[in-house]
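# Examination of the molecular architecture
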Protein chains: 2
Amino acid sequence: MAQRLYLAGPDVFLADARDIGRRKQEICREFGFEGLFPLDNDDTVGRDAASIFRANCALMQRADIGLFNLTPFRGPSADAGTVFELGYMFASGKAVHGYSSVSTAYRARVGPGLESLAAPRDGNGYAIENFGLTDNLMIVRAILEAGGELTSIEENAGAADSASLAAFRAFRACLEAVSARTDIARAEKRRPSRR
Amino acid sequence: MAQRLYLAGPDVFLADARDIGRRKQEICREFGFEGLFPLDNDDTVGRDAASIFRANCALMQRADIGLFNLTPFRGPSADAGTVFELGYMFASGKAVHGYSSVSTAYRARVGPGLESLAAPRDGNGYAIENFGLTDNLMIVRAILEAGGELTSIEENAGAADSASLAAFRAFRACLEAVSARTDIARAEKRRPSRR
């Protein structure tokens, strides 16, 4: 049976969210996965926040793997809902992987020009994480600790448009890497054990 | 034994993070709780991202309750690390509560003046969640679904300073509410069962 992938990300807020979800699900099928796309703002007519929350949690529970679009959204970090879901799936012991159309370090986005300082601070005096990671360490380290893939491919750098937020190139590359290791795992399972 | 509270929030990025952590731990003691304050940027000298991540996860596992400072940080939503931890503790079945020094609705912060629209969009055409909640629905609904307290008290509105980000007034009010229900739970436990 095809492994189920939960497709988390700010994609749900795009004008063409449904279309983007369908395209990502098609790419999932190419690689032999079933993509689960969260229902969200695209069809909130008649749906309240509680039912969307529960539906998303149920989808995450059904999924074997979480694939997180970590492209920064309305700030220097990934979309808040996506980050919540990463914490949720990580704690649930699911496999988690991330992708983004932005490959700069978090510290470079928050404090451009301050990278050489040992303890950089932003204009408000708030410390800027200085580990060279692409986002807050809890996000990046969760994926790495879980042995996940983290794929960044710059796409229309700086443009706040639908294509760059959907991060299709990084999505495909990440899926390819996840698929390769799934294939390896399957091949290893099939390999007769030595006696 | 005192219940252990994990004190999540962007407090760790403040210039006086250690002092703020200590003050919050003192307030916890006032209410009979033990406050666990995450080690983070304040003492990154000699510590790498991986060890900080693991230490924070270990603290969350030790905690009985998560208390989340959801005051917006570097954008319209709560700090990304804090949101990850909310997802983590929610999925781990821990009690979770939130507080903030900002009480406006998320949609008002992202799209001021657009509140009357049924499906508001920001300047990039991205949909703005329109449920009247103070942040992304995954954040707010997680706390409400878990039966948690959610306390917002405006403090130095709009000022990006240490005091307003620490949200001491909302912190104390939230802790008071959590403490009251813990007392009720204890009283109920002590009450002899009818025969």
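For the structure, check the block above.
Worth saying up front: this structure is predicted, and the values here are computed from it rather than measured.

## Re the overall build of chain A
Within chain A, the regular secondary structure consists of 7 helices and 5 strands. What you see in chain A, going N to C, is helices and strands ordered as β-α-β-α-β-α-β-α-α-β-α-α. Relative to the 2.2 N^0.38 estimate, which gives 16 Å for 195 residues, the radius of gyration of chain A is 18 Å and therefore close to what a compact globule would have. Overall, the C-alpha framework of chain A stretches about 60 × 55 × 30 Å when taken along its three principal axes. The 195 residues of chain A split such that 53% are buried. Long-range contacts, defined here as pairs at least 24 residues apart, represent 72% of the contacts in chain A between residues at least 6 apart. Element-wise, carbon and sulfur atoms account for 50% of the exposed surface of chain A, whose accessible area totals about 8400 Å².

## Side note on the sheet that holds strand β5 (residues 150-152) of chain B
Hydrogen bonding along the main chain pairs the strands of a sheet, whether they run parallel or antiparallel. All names here are of chain B. Strands sit in the order β2-β1-β3-β4-β5 across an open sheet of 5 strands; the sheet is parallel. Two strands bound the open sheet, and with one partner strand each, they are β2 (34-36) and β5. With direction set aside, neighbouring strand axes in the sheet form an average angle of 20°. Bridge count between strand β3 (residues 65-69) and strand β4 (residues 95-100): 5 bridges; the pairing is parallel. Within β4, the residue paired with Ile65 across the bridge is Ala95. Helix α1 (residues 17-30) rests against β1 (4-8), β2, β3 and β4 of the sheet, and its axis sits at about 155° to β2. Docked against the sheet, helix α7 (residues 168-190) engages β1, β3, β4 and β5, running at close to 150° with respect to β4.

## Side note on the relation of the copies chain A and chain B
Each copy of the sequence occupies a distinct position, and chain A is placed on chain B by a rotation of 180° and an axial shift of 0.0 Å, giving an RMSD of 0.0 Å. Both copies of the chain, as the preceding transformation shows, are related through a two-fold rotation axis. Both copies contact each other with a shared surface, as 100% of the interface residues of chain A are interface residues in chain B too.

## As for the packing of aromatic side chains
Following the criterion strictly, the structure yields 16 aromatic pairs over all chains and no others. Note on Phe90 of chain A and Phe84 of chain B: the rings are 6.0 Å apart at their centroids and 50° apart in plane angle, and the pair reads as tilted. A residue pair is termed interchain when its members come from two chains, as with Phe90 of chain A in helix α3 (residues 80-91) and Phe84 of chain B in helix α3 (residues 80-91). Assigned by exposure class, Phe90 of chain A and Phe84 of chain B land together as buried. Three or more aromatic residues link up through ring pairs in this structure, and these residues are Phe53, Phe84 and Tyr88 of chain A together with Phe90 of chain B. Cation over ring: Arg23 of chain B sits above Phe168 of chain B, and NZ or CZ is 4.0 Å from the ring centre.

## A closer look at the interface of chain A and chain B
Each partner contributes to the interface: chain A provides 55 residues, whereas chain B provides 55 residues. For the pair chain A and chain B, the summed buried area comes to about 4200 Å², and 66% of that belongs to carbon and sulfur atoms. Of all residues in chain A, Arg74, Tyr126 and Met138 of chain A give up the largest surface area on contact with chain B, accounting jointly for 20% of the area buried on that side. Arg74 of chain B serves as the salt-bridge partner of Asp122 of chain A, at 3.1 Å between the closest nitrogen and oxygen. Remark: the boundary between chain A and chain B carries 14 residue pairs in polar contact (both at pLDDT 80 or more). Counting residues per element, the ones that place at least two in the side of chain A that touches chain B are α2 (49-62), α3, α4 (106-110) and α5 (137-145) of chain A. Of the residues forming the side of chain A that touches chain B, the biggest block, 10 residues, is contributed by α3 of chain A. Its residues assigned to classes, the side of chain A that touches chain B comprises 31 nonpolar, 11 polar and 13 charged.

Rules behind the numbers
- Note that residues are indexed from 1 along each chain, following the sequence as it is written.
- The order in which chains are written sets their letters, starting at A; the order in which ligands are written sets their numbers, starting at 1.
- Only residues with pLDDT of 70 or above have their local features reported here, since the model is predicted, and side-chain atom pairs are shown and tallied only from 80 upward, although totals for entire chains, interfaces and linings are computed over all residues.
- Based on all heavy atoms of the structure, the side-chain values leave hydrogens and waters out of the count.
- Under the scheme used here, helices are H or I runs from DSSP no shorter than 4 residues and strands are E runs no shorter than 2 residues, and both carry numbers assigned from the N terminus.
- Radius of gyration here uses only the C-alpha atoms, and the compact-globule reference equals 2.2 Å multiplied by the residue count raised to the power 0.38.
- Categorising residues by exposure relies on relative accessible area from a 1.4 Å probe, with only protein chains included: less than 20% of the type maximum marks a residue as buried, more than 50% marks it as exposed, and the intermediate range marks it as partly exposed.
- It only takes one pair of heavy atoms within 4.5 Å for two residues to be counted as in contact.
- Computed by Shrake-Rupley with a 1.4 Å probe, the accessible areas treat only the displayed protein chains as cover when residues are assessed.
- Here, a strand pair is defined by DSSP locating no fewer than two bridges between the strands.
- Angles here are taken between N-to-C directions and fall from 0 to 180 degrees, while the axes themselves are lines fitted to C-alpha atoms, restricted in helices to the stretch in contact.
- The copies are overlaid by a least-squares fit using only the C-alpha atoms of residues whose pLDDT is at least 70 in both copies.
- Pairing of aromatic side chains here covers Phe, Tyr and the six-membered ring of Trp, requires ring centres within 6.5 Å, and sorts the geometry by plane angle: under 30 degrees stacked, over 60 edge-to-face, intermediate tilted.
- Either the NZ atom of lysine or the CZ atom of arginine qualifies as a charge over a ring when it sits within 6 Å of the ring centre and within 35 degrees of the ring normal.
- By definition, the buried area sums, over both parts, the 1.4 Å-probe accessible area that each loses when the two are put together.
- What makes a salt bridge here is a side-chain nitrogen of Lys or Arg within 4 Å of a carboxyl oxygen of Asp or Glu, nothing more.
- Polar contacts here mean pairs of N or O atoms no more than 3.5 Å apart (in protein, one a potential hydrogen donor and the other a potential acceptor; neighbouring residues in sequence count only if both atoms are side-chain atoms).
- In this classification, Asp, Glu, Lys and Arg are treated as charged, Ala, Val, Leu, Ile, Met, Phe, Trp, Tyr, Cys and Pro as nonpolar, and every other residue, Gly included, as polar.

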